[in-house]
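Per-entry structural report
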Amino acid sequence: DVKVTQSSRYLVKRTGEKVFLECVQDMDHENMFWYRQDPGLGLRLIYFSYDVKMKEKGDIPEGYSVSREKKERFSLILESASTNQTSMYLCASSALRDRTYEQYFGPGTRLTVT
Amino acid sequence: QQPVQSPQAVILREGEDAVINCSSSKALYSVHWYRQKHGEAPVFLMILLKGGEQKGHEKISASFNEKKQQSSLYLTASQLSYSGTYFCGTEEGTNAGKSTFGDGTTLTVKP
């Protein structure tokens, strides 16, 4: 089974802090994603990466950056956390299946910025 | 652009049927369906590729109408375990591997 793990389930940070969210997948997937999930807004893509050191902005990249130094690990960085970044953050990785890509999600990190 | 899901929420009794729709204004290559239970990560259900292919998984099936850029998820004889939020993810042909998700449809199945 594919496993996507995230470093923390719950995280509380102060405004202005630099925050690192880590995601690791164990299936050698090329693609990795960071989403933010808020009530009524569904899953919104922040960044994705299709290879080591490669990244592409998603729909809401402002205030975030990412790092992918190794294939299995994709980090989301909040340079200076703000209260409007309080949210559930989901990491996913994808593999080619039936000529398209099926995404596997991690358990999520619920971040609270105070 | 985000696909539009309807309805936003539905409440059923066990054994009843439901249909969840997902529409896009863009030409799609595929549609994915996921279910997320409260407090858990979304879990993949099925993928549909352009061509109007219909798929099934136990009592849950889906179709993809390429002309309308619309997919429908059919839940037949619903069970309590079907409760959760259903998301469609759409993939355009030019963005291999990247899906855009709808807002989700919350399904509640009551005894």
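Residues numbered from 1 in each chain as written. Chains lettered and ligands numbered in written order. Predicted model: local features only at pLDDT ≥ 70, side-chain atom pairs only at ≥ 80, totals over all residues. Heavy atoms only, no water.

Notes on the overall build of chain A
Broken down by element type, chain A carries zero helices and 11 strands. Starting at the N terminus and walking to the C terminus, you meet the elements of chain A as β-β-β-β-β-β-β-β-β-β-β. Over its C-alpha trace chain A gives a radius of gyration of 13 Å, about what one expects of a compact globule, namely 13 Å for 114 residues. Considered along the principal axes of its C-alpha atoms, chain A spans approximately 45 × 30 × 25 Å. Put simply, chain A has 114 residues, and 49% of those count as buried. Counted over contacts in chain A with a minimum sequence separation of 6, partners at least 24 positions apart contribute 55%. Positive and negative side-chain charges of chain A, numbering 17 and 16 respectively, have mean locations separated by a distance of 5 Å. (Helix = DSSP H or I, 4+ residues; strand = E, 2+ residues; numbered from the N terminus. Rg over C-alpha atoms; globule rule 2.2 N^0.38 Å. Buried < 20%, exposed > 50% of the residue type's maximum accessible area, 1.4 Å probe, protein only. Contact = heavy atoms within 4.5 Å. Lys, Arg positive; Asp, Glu negative; His and termini not counted. Charge placed at Lys NZ, Arg CZ, Asp CG, Glu CD.)

Things to note about the nonpolar core
Ranked by internal contacts, the top residues of the largest apolar core, which has 21 residues, are W33(B), M46(B), L73(B), L75(B), Y82(B), Y86(B) and L107(B). Elements with a contribution of two residues or more to this core: strand 2 (9–13), strand 3 (18–23), strand 4 (30–36), strand 5 (43–49), strand 7 (60–65), strand 8 (70–75), strand 9 (84–91) and strand 11 (105–110) of chain B. With near-sequence residues (within four places) excluded, L75(B) lies in contact with E16(B), D17(B), A18(B), I20(B), K59(B), I60(B), Y82(B), Y86(B) and L107(B). Counting 20 residues, the second-largest nonpolar core is a separate cluster that includes Y47(A), F74(A), L78(A) and C91(A). (Core = buried A, V, L, I, M, F, W, Y, C linked by side-chain atoms within 4.5 Å.)

Let's talk about the state of the cysteines
Across all of its chains, the model carries two disulfides over all chains by this definition. Between C23(A) and C91(A) runs a disulfide, and the two sulfur atoms are separated by 1.8 Å. Every disulfide takes its handedness from the sign of the S-S torsion; for C23(A) and C91(A) that torsion is -75°, giving left-handed. Of this pair, C23(A) sits in strand 3 (residues 19–25) while C91(A) is found in strand 9 (residues 87–97), placing the two residues 68 residues apart along the sequence. Of the two residues, C23(A) and C91(A), both sit in the buried class. Across the disulfide, C22(B) is cross-linked to C88(B) (sulfur-sulfur distance 2.0 Å). (Disulfide = S-S within 2.5 Å.)

Observations regarding the packing of aromatic side chains
Summed over the entire model, instances satisfying the criterion amount to 10 aromatic pairs over all chains. Here the aromatic residues F33(A), Y35(A), F48(A), Y50(A), F105(A), Y34(B), F44(B) and F101(B) are joined through ring pairs into a cluster of three or more. (Phe/Tyr/Trp six-rings, centres within 6.5 Å; stacked < 30°, edge-to-face > 60°.)

Thoughts on the interface of chain A and chain B
Between chain A and chain B, the residue contacts involve 24 residues of the former and 22 residues of the latter. Approximately 1,900 Å² of surface area, both sides summed, lies buried where chain A meets chain B, with 55% of it carried by carbon and sulfur atoms. Counting across the chain A and chain B interface gives zero salt bridges. Taken together, the links from chain A to chain B amount to two residue pairs in polar contact (both at pLDDT 80 or more). Those elements that place two or more of their residues in the side of chain A that touches chain B are strand 4 (31–38), strand 5 (42–51), strand 9 and strand 10 (100–105) of chain A. For the side of chain A that touches chain B, a count of residues per class yields 10 nonpolar, eight polar and six charged. (Buried area = accessible area lost by both parts, 1.4 Å probe. Salt bridge = Lys/Arg side-chain N within 4 Å of Asp/Glu carboxyl O. Polar contact = N/O pair within 3.5 Å; in protein donor to acceptor, adjacent residues only side chain to side chain. Nonpolar A, V, L, I, M, F, W, Y, C, P; charged D, E, K, R; others polar.)

Some words on the layout of surface pockets
Estimates place the volume of the largest pocket at around 640 Å³. Considering the residues around the largest pocket, the lining is formed by 26 residues, among which Q37(A), R110(A), Q36(B), H38(B) and T85(B) are closest to the centre. Taken together, the residues that form the lining of the largest pocket break down as seven nonpolar, 13 polar and six charged. (1 Å grid on protein atoms, 1.4 Å probe; cavity = no way out; pocket = protein on both sides within 12 Å on 5 of 7 lines; lining within 4 Å. Points joined across faces, edges and corners; volume = space filled by probe spheres on them.)

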